[in-house]
Amino acid sequence: MAAYLIARINVTDPEDYKAYASQTVALAEEFGGKFLAKGGTQTQVEGISPDRHVIIEFPDHQAALDWYNSEAYQRILPIATSSSERDIVIVDGV
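Residues numbered from 1 in each chain as written. Predicted model: local features only at pLDDT ≥ 70, side-chain atom pairs only at ≥ 80, totals over all residues. Heavy atoms only, no water.

A. Looking closely at the overall build of the chain. When you go through the chain residue by residue, the secondary structure sums to 3 helices and 4 strands. Reading the secondary structure of the chain in the N-to-C direction produces β-α-β-β-α-α-β. Here the C-alpha atoms of the chain give a radius of gyration of 13 Å, agreeing with the 12 Å that 2.2 N^0.38 yields for 94 residues. Projecting the C-alpha coordinates of the chain onto the three principal axes gives extents of approximately 30 × 30 × 15 Å. Across the 94 residues that make up the chain, the buried fraction comes to 32%. Here the analysis covers contacts within the chain between residues at least 6 apart in sequence; of these, 74% occur between residues at least 24 apart. Surface accessibility of the chain: about 5700 Å² in total, with carbon and sulfur atoms responsible for 53%. Averaging the coordinates of the 7 positive side-chain charges in the chain and doing the same for the 14 negative ones gives two points 5 Å apart. (Helix = DSSP H or I, 4+ residues; strand = E, 2+ residues; numbered from the N terminus. Rg over C-alpha atoms; globule rule 2.2 N^0.38 Å. Buried < 20%, exposed > 50% of the residue type's maximum accessible area, 1.4 Å probe, protein only. Contact = heavy atoms within 4.5 Å. Areas by Shrake-Rupley, 256 points an atom, 1.4 Å probe, with all protein chains shown as cover. Lys, Arg positive; Asp, Glu negative; His and termini not counted. Charge placed at Lys NZ, Arg CZ, Asp CG, Glu CD.)

The following block contains the structure:
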C-alpha cells in the first residue's frame, strides 16, 4: 500500500533552504519516492496554513521511513531544520 510523506513548511532562510530542496528529489527516487507536490501555488480555503506543502508518494510506509532515516537524507536534514519550521507525517494510503 502506498504511503505519503506530507510536510507543512514555513521557510525561514530561502537561500539555505534551496541547498536542501535541490537534493531531495534524487534522494527520494532512490527509495521509490515520487513528489506529488513541492511548494507551488496554493489557495487557503480553511484554517491556518504554512507557506509551503510537500507530498511525496512512496511504495509503502517502510520505504518512506527508510528514506527519512537514510544516511544520505540525514546528512542534509540539518540544512532543512536550520532554515525552516516543519511538521512532517507519514500517512498510509487507502
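Now, onward.
B. Here's a closer look at the packing of aromatic side chains. Counting across every chain of the model gives 5 aromatic pairs. By the ring-pair criterion, three or more aromatic residues cluster together here, those being Tyr17, Tyr20, Phe58, Trp67, Tyr68 and Tyr73. (Phe/Tyr/Trp six-rings, centres within 6.5 Å; stacked < 30°, edge-to-face > 60°.)

C. The arrangement of helix H1 (residues 14–29) in detail. Taking 1.5 Å per residue as the helical rise, H1 with its 16 residues ought to reach 22 Å, and the 24 Å between its terminal C-alpha atoms agrees with that figure. Within H1, the axis deviates most sharply at Gln23, by approximately 30 degrees. Buried within H1 we find Tyr17, Tyr20, Ala21, Thr24, Leu27 and Ala28. In the core, the buried residues of H1 are packed alongside strand S1 (3–11), strand S2 (34–38), strand S3 (52–58), helix H2 (61–69), helix H3 (71–83) and strand S4 (84–92). (Expected span 1.5 Å × (residues − 1). Bend = angle between axes of the 7 residues up to and from the residue.)

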